[in-house]
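# A closer look at the structure
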Amino acid sequence: MTPPTAGTPATPAPTAGAAPAASGDNPTGNGPVGGAERTRTGWLLLVGMLLVALNLRAAMTSLGPLLDEVRVGLALSGTMAGVVTTLPAVAFAGLGATTPWLVRRLSAPRLLVLAMIALTVGQVLRVLTDSAVVFLVTSALALAGIAVANILLPMLVKQYFPHRTGLVTGVYMMTLTVGATAAAAAAVPVAHAFGSWRAGLGVWAALAAVAVLPWLPAALRTGGAARRVGRHGGRARARISPGRTRLGWAMALYFGAQSLSAYAIMGWLAVLFRDAGFRPQDAGLLLAGVTALGVPIALLMPTLAGRLSDLRLLVLALTAASSVAYLGLAFAPRGGAVLWVVLLALGQGAFPLILATIGLRARTADGTVALSAFTQSVGYLIAALGPLLVGILHESTGGWTAPLGFLLVALAVQTGAGIVIARPRYIEDERGPAVAGG
C-alpha cells in the first residue's frame, strides 16, 4: 500500500465534521500544506481509523467467553444476562441514529475522540462495580462510543480518502475483524493470568485510550461543526433523509438481514456442531474458522466492490455461498463441516460489502453519514431478532431444520435488497423534502 495522502473531501462546500482549517494547518490536505505534511497527515488519519476499528468489537467479543464468570461475579439473573447479550444491537440501533445530529454540532475528529473516551471510561467502570445495574449502564456507555464510531468511519473514509474508499474500507474492516477475533481469543487467558474476569474485560480499555491519541491534533484544531453553508453562501443545505427513499430502506434491509444471520451464526453455530456430534473444542474451532477466514474476505470485498460498476453478480455469489452452507448444515452438518464453514465465511462477506456500499451510494460526506446512520440503526434493530428467533425455533422443534429455514428466508430478503442497491445511484439524488437548519 503506497503512502496515503488525505484526499480532498468529496463535497464542494464545507461539511459538518470537516471544518475548514487555518492556513497551513489543514487536516484534509487542502490549501498551502506541503506534500510531506499531507503524507504525514494521511498516515496519521489512517492509523487513527485502524486503531478505532480495532476497538469496534473488542468490548463485545471479550464478554461472550467470560459471560458465565460475569453472571456469577455480579449475580446476574437469566433475564439480566439476556439483556446484556442483546444490548449491543439495541445500543447500535438507538444511539447510532443520533450521530448525524451530533455531527452537525461537533467536528468529526472531536466527536470520534469523545466516542473513544466514552468507550474507555465505560469499559473501566464496568469492571470496577459489583452492581448488575451499574454494569449494564456502564456497558451501555461503552457501546455508545462504539455506536457513534460505527457511523463515523464510513464518513471519514469518504471524506479523507475519496479516491481509495474501497481499499481503506477493506483495511479497516480487516482490522475490525482482527480486533474482534483477538479479544474473543485472549479474554479468558488474560482473565486466568490475572485471576479475575475483570481483567479479561478491562484490559481492552487501554486499547480504546490509545485510539484517542491520533485524533487529538485534528480535534484540537477544529472547533464546533462547520457552518452548513450552501454553495452560494447563506443558505443551509437540505438534510438528507434516507428513511424517505427506496435506496435507504434497501440498504437497511440488506444490512439488517446479513447482520441477523451473522449474529445467529455466532450465537448458535457451535451448538449446532456439538449437536451433530463434534467435541466442544472442535465445535469452537469450526466457529473460529468462520471468523478467521473472514479476515482476508474483509480486506478484499470492499476493493472488489469499488471496482465493479454493477454489484449484482457479487450479491448473487454471496447468496449462493450462504444458501449452500445453510442446506449443508441442515442435511450433512458433520460430513461437510469444513466446507460449510468456508462457504459461511464467504457468505458473511456481505458485511464488508454493505459497509463499502455505504460510501459508494453517497456523493458527499453528509450523505455518507446520513446513509450510514440510517442503514446501521435500522439494520441492527433487525439483527437483534436473529439469535432470539433461532433459539426459539430450535427449542420448539428440537432440531436445526426450522432455524436454518428461517435463515434462508432472511437470505432471500437480503438478496432482494441487494439487487436494489447493486446499480450505481446516490442517496443525495433521492433525498426527501428539504429541512432547513443545522
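As shown above, the structure is provided for reference.
The rules behind these values
Residues numbered from 1 in each chain as written. Predicted model: local features only at pLDDT ≥ 70, side-chain atom pairs only at ≥ 80, totals over all residues. Heavy atoms only, no water. Helix = DSSP H or I, 4+ residues; strand = E, 2+ residues; numbered from the N terminus. Buried < 20%, exposed > 50% of the residue type's maximum accessible area, 1.4 Å probe, protein only. Contact = heavy atoms within 4.5 Å. Expected span 1.5 Å × (residues − 1). Axes fitted to C-alpha atoms, helices over the stretch in contact; angles between N-to-C directions. Parallel < 35°, antiparallel > 145°, perpendicular 65-115°, else oblique. Left-handed = near helix turned anticlockwise from the far one by under 90°. Nonpolar A, V, L, I, M, F, W, Y, C, P; charged D, E, K, R; others polar. Phe/Tyr/Trp six-rings, centres within 6.5 Å; stacked < 30°, edge-to-face > 60°. Lys NZ or Arg CZ within 6 Å of the ring centre and 35° of its normal. Salt bridge = Lys/Arg side-chain N within 4 Å of Asp/Glu carboxyl O. Core = buried A, V, L, I, M, F, W, Y, C linked by side-chain atoms within 4.5 Å.

## Let's talk about the overall build of the protein
- A count of helices and strands for the protein gives 19 helices and zero strands.
- By the burial criterion, 54% of the 438 residues in the protein qualify as buried.
- Contacts spanning at least 24 positions in sequence make up 83% of the contacts within the protein whose residues lie at least 6 apart.

## Quick word on helix α14 (residues 312-331)
- An ideal rise of 1.5 Å per residue puts 28 Å on 20 residues; α14 measures up with 29 Å between its terminal C-alpha atoms.
- Here α14 has its buried residues at Leu-314, Val-315, Leu-318, Thr-319, Ala-321, Ser-322, Ala-325, Tyr-326, Gly-328 and Leu-329.
- At its buried positions, α14 is contacted by α12 (246-275), α13 (280-307), α15 (337-347), α16 (350-360) and α19 (401-421).

## Examining the environment of Val-369
- Within the secondary structure, Val-369 sits in helix α17 (residues 365-383).
- Take Val-369: its relative accessible area is 5%, and that puts it in the buried class.
- The spatial distance from the C-alpha of Val-369 to the C-alpha of Ile-151 is 6.4 Å, given a sequence separation of 218 residues.
- Ignoring any residue separated from it by four or fewer positions in sequence, one finds Val-369 in contact with Thr-99, Pro-100, Val-103, Ile-151 and Met-155.

## Focus: the packing of helix α8 (residues 165-194) against α13
- Two elements in contact, α8 and α13, have axes separated by 6 Å at closest approach and are oriented at 165 degrees. Between α8 and α13, the angle is such that the two are roughly antiparallel. When the axes of α8 and α13 are compared, the crossing they make is right-handed. The segment α8 lies against α13, with Gly-166, Leu-167, Thr-169, Gly-170, Val-171, Met-173, Met-174, Thr-177, Val-178 and Thr-181 engaging Thr-291, Gly-294, Val-295, Ala-298, Leu-299, Pro-302 and Thr-303.
- Residue composition of the contact of α8 with α13, by class: nine nonpolar, eight polar and no charged.

## A word on the packing of α12 against α14
- With their axes 13 Å apart at the nearest point, α12 and α14 run at an angle of 25 degrees to one another. Between α12 and α14, the crossing angle belongs to the class labelled roughly parallel. Classified by chirality, the crossing of α14 by α12 is left-handed. Mapping the contact onto sequence places Tyr-254, Ser-261, Ile-265, Leu-269, Leu-272 and Phe-273 in α12 and Val-315, Leu-318, Tyr-326 and Leu-329 in α14.
- Considered class by class, the residues forming the contact of α12 with α14 number nine nonpolar, one polar and no charged.

## Structural notes on the environment of Leu-66
- With respect to the helices, strands and loops of the structure, Leu-66 is situated in the loop between α2 (58-61) and α3 (67-74).
- What makes Leu-66 buried here is its relative accessible area of 2%.
- Distance in space between the C-alpha atoms of Leu-66 and Trp-197 is 6.5 Å, their sequence separation being 131 residues.
- Sequence-distant contacts of Leu-66, that is, excluding residues within four places in its chain, are made with Ala-187, Val-188, Ala-191, Trp-197, Gly-200 and Leu-201.

## Things to note about the packing of aromatic side chains
- Following the criterion strictly, the structure yields eight aromatic pairs and no others.
- Geometrically, the ring pair formed by Phe-255 and Tyr-380 is edge-to-face, given 5.1 Å between the ring centres and 80 degrees between the ring planes. Pair noted here: Phe-255 is in helix α12 and Tyr-380 is in helix α17, with a separation of 125 residues, a long-range link.
- An aromatic cluster of three or more residues is present, and its members are Phe-92, Phe-255, Tyr-263, Phe-351 and Tyr-380.
- Seen from the ring of Phe-278, Arg-334 lies directly overhead, with NZ or CZ sitting 4.7 Å from the centre.

## Here we look at the side chain of Thr-319
- On the secondary structure map, Thr-319 appears in helix α14.
- Owing to a relative accessible area of 13%, Thr-319 belongs among the buried residues under this scheme.
- Those residues within four positions of Thr-319 in sequence are excluded, and the remaining contacts are Leu-411 and Thr-415.

## A word on the pattern of salt bridges
- For the structure shown, the criterion picks out six salt bridges.
- A salt bridge links Arg-423 to Asp-310; the nearest nitrogen and oxygen atoms lie 4.0 Å apart. Of this pair, Arg-423 sits in the segment after α19 while Asp-310 is found in the loop between α13 and α14, placing the two residues 113 residues apart along the sequence.
- The exposure class of Arg-423 is partly exposed, given its relative accessible area of 47%.
- The network of salt bridges with shared partners includes Asp-310, Arg-312 and Arg-423.

## Structural notes on the nonpolar core
- By size, the foremost hydrophobic cluster in this structure holds 78 residues, and its most contacted members are Met-49, Val-52, Leu-156, Tyr-254 and Leu-353.
- Top element by residues in this core is helix α7 (residues 132-160). It accounts for 13 residues.
- Not counting the four nearest positions on each side in its chain, Leu-353 is found in contact with Tyr-254, Met-301, Ala-305, Leu-311, Leu-314, Val-315 and Leu-318.

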